[in-house]
Every structure is written in structure tokens, then in C-alpha cells.
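Here is what each chain is made of, one letter per residue.
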Amino acid sequence: MGIKGKHFLVAGVLAALLPALWPWDTGKNGFPDRAAVSAMGQEAAEAALLGRERREILRAWGEPDGMLSGFFGDVYHLDGGSRVIVYYDTEPMNSGTAGSDTVPVEQVRLMEE
């Protein structure tokens, strides 16, 4: 097999493996699903969600299982008792530049039970 054939083979293998190596990109429209976010770990979950608008999360994950008291945030329950808690930045909403569905994610917390 010549060099061109090897490059074609390597490209084919990478194309087949890439989706398996990128599990958090399996949600709707490339948005990570709840279980994938939980499996990512804290830092990766924040990197994936920070700055995203609330409507993106609602579209991908549906209505939250709970709300926070005293903070603007949503709680999503996972199998096994874990939770993903998403906090939103209310400053844009307070200044009139965003609505309740367009506020950005400010913080993400993964909670294990």
C-alpha cells in the first residue's frame, strides 16, 4: 500500500472513531445531553456550557426538574440521584438586554448523591 493509500486508511479510521471519542456532542444540535455533561467532570462541563443561552439548554434538555430559590438557575436530575445545576447571569436581564430565556449560563455545578 502506497503513502496515499495509508493516508486514506488513516482518514477513514479517524472519521469512524471521532464520534466515539466525542460523546458530549451527541445531544440535539451538537449540544451535550445531561448525562454527557455529568460524565465530563466539573471543568469540562463549565467549558461546554458557560455563555450559552438558557433557551439552548431548554431546547436540548427540556423543562428543568426544579428551580433554585434566591438564584436564577435550573436543576436537572439524572439517573442515580445526580444533578446538574445551571446558574444564569441575571445582569443582562436586569439591564434589559436579555430575557429570561436569553440569559447566559454563568456557572454549572455537578452534584453527586
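The model shown is predicted, which means the values in this text are computed figures rather than measured ones. (Residues numbered from 1 in each chain as written. Predicted model: local features only at pLDDT ≥ 70, side-chain atom pairs only at ≥ 80, totals over all residues. Heavy atoms only, no water.)

Peer 1: Is there a simple way to explain the sheet that holds strand β2 (residues 73–77) in this structure?
Peer 2: If you walk across this open sheet you meet the four strands as β1-β2-β3-β4, and the pairing is antiparallel. Edge positions in the sheet fall to β1 (66–67) and β4 (105–111), since each has one partner strand and no second. Bridging between β1 and β2 involves two bridges; their strand directions are antiparallel. Along β2, the bridge assignment pairs M67 with D74. (Pairing = 2+ DSSP bridges. Helix = DSSP H or I, 4+ residues; strand = E, 2+ residues; numbered from the N terminus.)

Peer 1: Where do I start with the pairing of strand β3 (residues 83–88) in this structure?
Peer 2: Across a regular strand the side chains alternate sides, sitting on one face of the sheet and then on the other. Counting buried positions along β3 gives five out of six residues, so the element sits mostly inside the fold. Two elements, β2 and β3, share five bridges in a ladder whose sense is antiparallel. Along β3, the bridge assignment pairs D74 with V86. Taking the residues that link successive antiparallel strands as the turn, the β2-β3 hairpin has five residues, and the phi of G80 there is positive, at about 85°. As defined by bridge partners, β3 adjoins β4 across six bridges and the pair is classed as antiparallel. Counterpart to I85 in the pairing with β4 is R109. (Buried < 20%, exposed > 50% of the residue type's maximum accessible area, 1.4 Å probe, protein only.)

Peer 1: Any chance you could explain the nonpolar core here in plain terms?
Peer 2: Counting 21 residues, the largest nonpolar core has V37, I57, W61 and V84 as its most contacted members. Apart from the residues lying within four places of it in its own chain, the contact partners of V84 are R34, V37, W61, D74, V75, Y76, L78, V108, R109 and L110. (Core = buried A, V, L, I, M, F, W, Y, C linked by side-chain atoms within 4.5 Å. Contact = heavy atoms within 4.5 Å.)

Peer 1: How should helix α4 (residues 54–61) be read in this particular structure?
Peer 2: Buried residues of α4: R54, I57, L58, A60 and W61, and no others. Packed against the buried residues of α4 are α2 (34–40), α3 (42–49), β1, β2, β3 and β4. With its phi angle positive at about 85°, G62 sits one or two positions after the end of α4.

Peer 1: What am I meant to see in the packing of aromatic side chains here?
Peer 2: Working definition: an aromatic ring pair is given by the centre-to-centre distance plus the angle between the planes. All chains considered together, the criterion is met by four aromatic pairs. Look at F31 and W61: their rings are 5.9 Å apart centre to centre, the planes differ by 70°, and that puts the pair in the edge-to-face class. In this pair, F31 is assigned in the loop between α1 (3–21) and α2 and W61 in helix α4, connecting sequence segments 30 residues apart. One exposure class covers both F31 and W61, and it is buried. Taking the centre distance of 5.0 Å and the plane angle of 80° together, the rings of W61 and Y76 count as edge-to-face. Separated by 15 residues along the polypeptide, W61 in helix α4 and Y76 in strand β2 bring together distant segments of the chain. Y76 matches W61 in its accessibility class, with the two residues each being buried. An aromatic cluster of three or more residues is present, and its members are F31, W61 and Y76. (Phe/Tyr/Trp six-rings, centres within 6.5 Å; stacked < 30°, edge-to-face > 60°.)

Remember, this is a structural readout, not a statement about activity or role.
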